Amino acid sequence: MVGVLALQGDFAAHEAALVRAGANTRLVRNADELGDVGGLVIPGGESTTMLKLLHYGGMMDALRRFSETKPIFGTCAGAILLAEKVCNPSQESLGAMAISVERNAYGRQNESRICSLVPEEEFIRRTGAEKVEAVFIRAPVIRKVGQGGRVLVAYNGDPVLVEQGMHLAATFHPELTDDVSVQRLFLGKL
Ligand code: GLN
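Because the structure is a prediction, the values reported are computed rather than measured.

Draft legend 1. Here's a closer look at the overall build of the protein chain. Across its full length, the protein chain carries seven helices and twelve strands. Over its C-alpha atoms the protein chain spans a radius of gyration of 15 Å, differing by no more than 12% from the 16 Å that the globule rule assigns to 190 residues. Principal-axis analysis of the C-alpha atoms gives the protein chain an extent of 40 × 35 × 30 Å. Expressed as a percentage of its 190 residues, the buried residues of the protein chain come to 53%. Residue pairs in contact within the protein chain that sit at least 24 positions apart in sequence constitute 62% of those at least 6 positions apart. Surface summary for the protein chain: the accessible area is close to 8400 Å², and the carbon and sulfur share equals 47%. Side chains of the protein chain carry 20 positive and 22 negative charges; the gap between the two charge centres is 3 Å.

Shown next as structure tokens:
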């Protein structure tokens, strides 16, 4: 069973994509519901709002503990929450992955874009997918990948899909395209 954090953002699109990828899903809105799932997707949205709601619901500590033993896939705002360091401006995060991210680094909404990317060999080997359609919406840029991190897809030299052990972070939105290779890669970690 894979959970989708459903406090804010495009959790419904994530749940639909996970179902297309063959997963059993449940929406997670509190710490109790977190206990029922073997992995979690943190969707895109607005990381500042998600942080407020996580604190408001007393979920921040539960989520930190969850990240120590169970896989999390963060997309866009979710990747920002997984990072160990966030800038532009700096804000709190879970520190589950050794990545540094700069929020809104591509610019404003009209700098949002869809790109067809050729993934790294490792991604192709494991998923069979030779291209990735990447939707960027006010996306962050991963400025640094620390020890244990592996870049699976890059765009213009910047990592856009990074794996670190059981966790996965994407600065784009794989839930908004038909291809579910990235979701299948994550589900393989559960
Ligand atoms: N700009 C948003 C943030 O900083 C992320 C945008 C997204 O998730 N599509 O949280």
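Draft legend 2. Just the site of the ligand, in detail. Around the ligand, the structure places Gly44, Gly45, Glu46, Ser47, Cys76, Ala77, Ile80, Arg103, Asn104, Ile137, Arg138 and His173. Between the ligand and Arg103 there is a distance of 2.6 Å, counted from an oxygen atom to a side-chain nitrogen or oxygen. Between a nitrogen atom of the ligand and a main-chain N or O atom of Arg138, the distance comes to 2.9 Å. Residues of the shell around the ligand, tallied by class, amount to four nonpolar, five polar and three charged.

Draft legend 3. Highlighting the pattern of salt bridges. Throughout the structure, instances matching the rule amount to 14 salt bridges. Between Arg26 and Asp36 there is a salt bridge whose closest N-O contact spans 2.6 Å. Here Asp36 lies in the loop between helix H2 (31-34) and strand E3 (39-42) and Arg26 lies in strand E2 (residues 25-28), a separation of ten residues in the sequence. When its relative accessible area of 28% is taken as the criterion, Arg26 is described as partly exposed. For Arg150, the salt bridge goes to Glu163, with nearest N and O atoms at 3.5 Å. Remark: Glu163 occurs in strand E11 (residues 158-164) and Arg150 occurs in strand E10 (residues 149-155); sequence separation between them is 13 residues. Taking relative accessible area as the criterion, Glu163 reaches 7% and is therefore assigned buried.

Draft legend 4. Molecular detail of empty space enclosed by the protein. Scanning the entire structure with this criterion turns up one cavity of 30 Å³ or more. Its boundaries defined by the atoms lining it, the largest cavity holds a volume of some 50 Å³. Residue lining of the largest cavity: Val132, Glu133, Phe172, Pro174, Thr177, Asp179, Ser181, Val182 and Gln183, and that is the complete set. Counting only elements with at least two residues in the lining of the largest cavity, the list comes to strand E8 (132-136) and helix H7 (181-187). The residue inventory of the lining of the largest cavity, partitioned by class, reads four nonpolar, three polar and two charged.

Draft legend 5. Region of interest: the side chain of Ser100. Along the chain, Ser100 falls in strand E6 (residues 99-102). If near-sequence neighbours (up to four positions away) are discounted, Ser100 is found in contact with Lys85, Val141, Ile142, Arg143 and Lys144.

Draft legend 6. Main features of the packing of aromatic side chains. One pass over the full model with this rule turns up five aromatic pairs. Ring geometry for Phe73 against Phe186: centres 5.6 Å apart, planes inclined by 40 degrees, an arrangement best described as tilted. Linking Phe73 in strand E4 (residues 72-75) with Phe186 in helix H7, this pair joins segments that are 113 residues apart in sequence. The same class applies to Phe73 as to Phe186, namely buried. Residues Phe136 and Phe172 carry aromatic rings whose centres are separated by 6.1 Å and whose planes lie at 65 degrees to one another, so their mutual orientation is edge-to-face.

Cut-off values and rules
- Residues numbered from 1 in each chain as written.
- Predicted model: local features only at pLDDT ≥ 70, side-chain atom pairs only at ≥ 80, totals over all residues.
- Heavy atoms only, no water.
- Helix = DSSP H or I, 4+ residues; strand = E, 2+ residues; numbered from the N terminus.
- Rg over C-alpha atoms; globule rule 2.2 N^0.38 Å.
- Buried < 20%, exposed > 50% of the residue type's maximum accessible area, 1.4 Å probe, protein only.
- Contact = heavy atoms within 4.5 Å.
- Areas by Shrake-Rupley, 256 points an atom, 1.4 Å probe, with all protein chains shown as cover.
- Lys, Arg positive; Asp, Glu negative; His and termini not counted.
- Charge placed at Lys NZ, Arg CZ, Asp CG, Glu CD.
- Near = heavy atom within 4 Å.
- Polar contact = N/O pair within 3.5 Å; in protein donor to acceptor, adjacent residues only side chain to side chain.
- Nonpolar A, V, L, I, M, F, W, Y, C, P; charged D, E, K, R; others polar.
- Salt bridge = Lys/Arg side-chain N within 4 Å of Asp/Glu carboxyl O.
- 1 Å grid on protein atoms, 1.4 Å probe; cavity = no way out; pocket = protein on both sides within 12 Å on 5 of 7 lines; lining within 4 Å.
- Points joined across faces, edges and corners; volume = space filled by probe spheres on them.
- Phe/Tyr/Trp six-rings, centres within 6.5 Å; stacked < 30°, edge-to-face > 60°.

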